[in-house]
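Each chain is listed here by its residues.
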Amino acid sequence: MKIAITTRFAFLFTIILFASTIPAQSLEGPTIDPQVLELLQAHNEVYVIIQLVDDSGVTYDNAETQAEKREIYKKRASYFLKTQADFLSSFDGSEFRLNHQFKLINAVSGFITQKGIEKSMRNPLVTSIKTDRLGGTALSESGPIIGADVANREGYTGQGIAVCVIDTGTDYTHPDLGGCTEQEFLNGNCGKVPFGYDYCQEWFGFCFGEDTNPMDEAGHGTHVSGIVASENSTYTGVAPGAKLIAMKVCDEDGQCSAGKLAEAVDSCVDLADAYNIKVITISLGWSDPTEDPDCRPFGYGSETDVINNAYDAGLFIDGSSGNDSSSEGFKWPACTRGVTSVGSTAKNDSVSWFTNRGTNLDLLAPGGYSGGTGFNCPDQDRICSTYLNSQIAG
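Residues numbered from 1 in each chain as written. Predicted model: local features only at pLDDT ≥ 70, side-chain atom pairs only at ≥ 80, totals over all residues. Heavy atoms only, no water.

Looking at the nonpolar core
Core analysis: the biggest nonpolar cluster contains 47 residues, and Leu104, Ile166, Met247, Leu261, Val265 and Ile280 have the highest contact counts within it. A total of seven residues in this core trace back to one element, the largest contributor, which is helix α8 (residues 258–270). The residues contacting Met247, other than those within four sequence positions of it, are Cys164, Val165, Ile166, Asp167, Phe195, Tyr197, Tyr199, Ala264, Ser267, Cys268 and Leu271. Listed in part, the 19 residues of the second largest apolar core include Leu37, Leu88, Ile117 and Ile129. (Core = buried A, V, L, I, M, F, W, Y, C linked by side-chain atoms within 4.5 Å. Buried < 20%, exposed > 50% of the residue type's maximum accessible area, 1.4 Å probe, protein only. Helix = DSSP H or I, 4+ residues; strand = E, 2+ residues; numbered from the N terminus. Contact = heavy atoms within 4.5 Å.)

Right, dumping it as structure tokens:
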């Protein structure tokens, strides 16, 4: 036992020394998140996102139409998957267990061991290795003011469109959200919520466990889903005809994973053609508020690139500015270039005292409501659905 412990700490000490000599953006080798090394002291394997070199030469710079953006997305994804296959071929199951192959960026996620870390640090394809960070939900309430009922009466109901809700999951058994049984959902026969995924069953310093059932155990994601697309005749969502894609990236206690959020965004873009997904809504937040236009807290380079590239690929993404009463910016991912950041206003149209704001805040909007369905919602989901209706009108 003493020999095993000594060996483990000798390995960690060697990696720490090696990693500490590599400055950011160095050409000498990949950067490594110190928390990866800390977690390896307590776990045999750790969740990581491994970023690989992107020398595809394919960008969204000259893309103007949705069709052009989609074609570029597919070209980049094809190149990335080939590079990732080359990288993955160097591992066996005892070194790295694959979890997700990204298509928006050249990266893979999975569970890595000490031996896998050592091998990755020597691989010329690798630019960085990082682990997860804990975030939480961003829910606030106020009054309905934007007049979505008028848009509904004009026929703009979200029919034929899908919204990707990345949150704590969705209660697809709720009568206002399809009223499907678990078996109907798992068999793909839930019309209102045709697809979903649970990326985070438990939190152990990183998310662990996945399955195909995104049932909401915390309530927050169901509130978001209800205000977007509730079919209740009295407390109708602003886009009641829209379908919901339920991406669960939080555990039952509302502890949410930034890495899994990135995986969910990646999947939403991948599924956009199949379900006609036009909008991604994120009511979650990480980090202290910031006004940095290229915010990458905790080294969130990979996750930020995923979100920005999803926007470049043609999807609208909204995010809550957060509820820390900050006047000096807002949380990640609302602070990223690809997200339309939304703060809250009160019923009298004044800025809500709790909402984060800053010079780079995109929008202020009324918050959610409490109704007979029990749905409450974050401010930005009314904006998300208003955008949805405008897309149909256009």
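A short note on the state of the cysteines
What the rule picks out here adds up to three disulfides. Disulfide pairing places Cys164 opposite Cys268 at an S-S distance of 2.0 Å. Judged by the sign of its S-S torsion, about -80°, the cystine formed by Cys164 and Cys268 is left-handed. Here Cys164, found in strand β7 (residues 162–167), pairs with Cys268, found in helix α8; they are 104 residues apart in sequence, far enough to count as distant. Pair check on accessibility: Cys164 and Cys268 agree, each one buried. Between the sulfur of Cys180 and that of Cys190 lies a disulfide, 2.2 Å long from S to S. A torsion of 85° about the S-S bond marks the disulfide between Cys180 and Cys190 as right-handed. Within this pair, whereas Cys180 is found in the loop between β7 and α6 (182–186), its partner Cys190 is found in the loop between α6 and β8 (195–198), the two being separated by ten residues in sequence. Pair check on accessibility: Cys180 and Cys190 agree, each one buried. (Disulfide = S-S within 2.5 Å.)

Points about the packing of aromatic side chains
Under the definition given, this model contains seven aromatic pairs. Measuring from centroid to centroid gives 5.9 Å for Tyr47 and Phe111, while their planes differ by 65°, and the two rings are edge-to-face. Of this pair, Tyr47 sits in strand β2 (residues 46–52) while Phe111 sits in strand β4 (residues 107–112), placing them 64 residues apart in sequence. Taking the relative accessible area as the measure of exposure, Phe111 reaches 7% and is therefore buried. Judged by centre distance (4.9 Å) and plane angle (65°), the ring pair of Phe87 and Phe91 falls under edge-to-face. The pair Phe87 / Phe91 is uniform in exposure class, with both members buried. (Phe/Tyr/Trp six-rings, centres within 6.5 Å; stacked < 30°, edge-to-face > 60°.)

As for the pattern of salt bridges
Side chains bearing opposite charge may pair, as long as their charged atoms lie close to each other. Taken as a whole and judged by the stated rule, the model has 14 salt bridges. Linking Lys260 and Glu210 is a salt bridge whose minimum nitrogen-to-oxygen distance equals 2.7 Å. Of this pair, Lys260 sits in helix α8 while Glu210 is found in the loop between β10 (207–208) and α7 (220–229), placing the two residues 50 residues apart along the sequence. Classification of Lys260 by relative accessible area gives buried; the value is 1%. By relative accessible area, Glu210 is classed as partly exposed at 25%. Linked by salt bridges that have partners in common, Arg70, Lys74 and Asp273 make up one network. (Salt bridge = Lys/Arg side-chain N within 4 Å of Asp/Glu carboxyl O.)

Let's talk about the side chain of Asn213
With respect to the helices and strands, the residue Asn213 is situated in the loop between β10 and α7. Classification of Asn213 as buried rests on a relative accessible area of 17%. At 2.7 Å, the side chain of Asn213 and the side chain of Tyr172 are in polar contact. With sequence-adjacent residues up to four places away left out, Asn213 is seen in contact with Tyr172, Glu182, Phe185, Leu186 and Asp198. (Polar contact = N/O pair within 3.5 Å; in protein donor to acceptor, adjacent residues only side chain to side chain.)

Remarks on the sheet that holds β2
With mixed pairing, the five strands of this open sheet are ordered in space as β1-β5-β2-β4-β3. Looking at the sheet topology across the chains shown, the edges are occupied by β1 (31–32) and β3 (96–101). Two strands pair when backbone bridges link them, and β2 and strand β5 (residues 126–130) are joined in this way by four bridges, in the antiparallel orientation. Residue pairing for β5: Gln51 is matched across the bridge by Ser128. Along the sheet, α8 contacts β2, β3 and β4; its crossing angle with β3, the most-contacted strand, is approximately 45°. (Pairing = 2+ DSSP bridges. Axes fitted to C-alpha atoms, helices over the stretch in contact; angles between N-to-C directions.)

Thoughts on the pairing of β3
Where β3 lies against β4, five bridges are found, and the strand directions are antiparallel. In the sheet register, Leu98 faces β4, and the bridge partner there is Gly110. Linking two consecutive strands that pair antiparallel, namely β3 and β4, is a turn of five residues.

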